[in-house]
Amino acid sequence: KKFRILILLILLIIGMYVISACGNNIKYSFVTNCGTEIQSIKITKGNEYTLPIPERAGYDFDGWYLSKDFNGDPVERIIADKSTTFYARWIQLYEITLNLDGGSLSASTLYLREGANIYDFVKDYVPTKSEYVFGAWYFGETELSKDTLMTKAGINLTARYKVGYTIQQYLQTFSGDGYEKIEN
């Protein structure tokens, strides 16, 4: 009889351990709203977790929200306390087409949010063209201004170049009958 009680106590302790261990797992689910799929995960209660970042072509990730209607502030990190579903919010991007006019650049199409400054975004995109130096991006016949903002219509920009040149200096020889190139 004592043996049965001992076995029952051991089974009870194991059962309580299993129940408490299962109760410490928090499930996070992700609704990516057409973004890359993210599988649900389980986190131990009390642990900090940094939420993953999904991708979606033509859109910029705007954060994870706790409600389908994106009320409140986006969530990046969370301390696991209860099972939660997170909803991805996206901002549509609009197309910037770069006409390189014979030059080369790693990208000829870029994407940007409506209302963002185009000049600041493209200033580091500098195409190269043999025997020329990049001058500026043009919108039609007008140089792209520093306050041009992105619209839903997108924009086509054309690279304009300056003729590249090299200055060489020569010194007349002491005898006056020729010149010597000065090396810099």
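For the structure, check the block above.
This one's a predicted model, so the numbers in the text were calculated from it and none came from an experiment.

Draft legend 1. Spatial organisation of the overall build of the chain. When helices and strands are tallied, the chain shows two helices and twelve strands. Ordered by position from N to C terminus, the α and β elements of the chain give α-β-β-β-β-β-β-β-α-β-β-β-β-β. Looking at the chain as a whole, 27% of its 184 residues qualify as buried. In the chain, the share of contacts with a sequence separation of at least 24, taken over all contacts with a separation of at least 6, comes to 52%.

Draft legend 2. Representation of the side chain of T32 within the structure. When you line up the elements, T32 lands in the loop between β1 (25–31) and β2 (41–44). On the accessibility criterion, T32 (10% relative accessible area) is buried. Those residues in contact with T32 that lie beyond four places of it in its chain are E37, I38, P54, W64, A88 and W90.

Draft legend 3. Geometry of the nonpolar core. Counting 17 residues, the largest nonpolar core has I96, L98, I118, V122, W137, M150 and L157 as the members making the most contacts within it. Only β6 (84–99), β7 (109–113), α2 (118–122), β8 (132–139) and β10 (155–163) provide two or more residues apiece to this core. In terms of residue count, β10 provides more of this core than any other element does, four residues in total. Among all residues touching I96, those that are not within four sequence positions of it are S108, T109, L110, L112, I118, F121, V122, M150, I155 and L157. Core analysis: the next-biggest nonpolar cluster, separate from the first, contains 15 residues, I43, L51, A88 and W90 among them.

Draft legend 4. Main features of the pattern of salt bridges. Inspection of the entire model under this criterion finds five salt bridges. The shortest N-O distance in the salt bridge between R113 and D62 comes to 3.6 Å. Here R113 is found in strand β7, whereas its partner D62 is found in strand β4 (residues 59–65), with 51 residues between them in sequence. A relative accessible area of 27% places R113 in the partly exposed class. The residue E141 makes a salt bridge to R160 at a minimum N-O spacing of 3.4 Å.

Draft legend 5. Quick look at the packing of aromatic side chains. Summed over the entire model, instances satisfying the criterion amount to eleven aromatic pairs. A ring pair is formed by Y28 and Y49, whose centres lie 5.8 Å apart and whose planes are at 45°; its orientation type is tilted. Note that Y28 is positioned in strand β1 and Y49 in strand β3 (residues 48–50), a separation of 21 residues in sequence. Its relative accessible area of 18% is what places Y49 among the buried residues. Here the aromatic rings of F61 and W90 are separated by 5.4 Å at their centres, their planes lie at 65°, and the arrangement is edge-to-face. On the criterion of sequence distance, the pair formed by F61 in strand β4 and W90 in strand β6 is long-range, its members being 29 residues apart. Of the two residues, F61 and W90, neither departs from the other in class, the shared state being buried. An aromatic cluster is built from Y28, F30, Y49, F61, W64, F86 and W90, whose rings are joined through pairwise contacts. Between the NZ or CZ atom of K129 and the centre of the ring of Y132, over which it lies, the distance is 4.9 Å.

Draft legend 6. Geometry of unusual backbone geometry. Of note, the phi angle at N33 is positive, near 50°, even though the residue is not glycine. Structurally, N33 is set in the loop between β1 and β2. In this structure, C34 takes a positive phi of about 80° despite not being glycine. Structurally, the position occupied by C34 is in the loop between β1 and β2. For C34, a relative accessible area of 66% translates into the label exposed.

Cut-off values and rules
- Residues numbered from 1 in each chain as written.
- Predicted model: local features only at pLDDT ≥ 70, side-chain atom pairs only at ≥ 80, totals over all residues.
- Heavy atoms only, no water.
- Helix = DSSP H or I, 4+ residues; strand = E, 2+ residues; numbered from the N terminus.
- Buried < 20%, exposed > 50% of the residue type's maximum accessible area, 1.4 Å probe, protein only.
- Contact = heavy atoms within 4.5 Å.
- Core = buried A, V, L, I, M, F, W, Y, C linked by side-chain atoms within 4.5 Å.
- Salt bridge = Lys/Arg side-chain N within 4 Å of Asp/Glu carboxyl O.
- Phe/Tyr/Trp six-rings, centres within 6.5 Å; stacked < 30°, edge-to-face > 60°.
- Lys NZ or Arg CZ within 6 Å of the ring centre and 35° of its normal.

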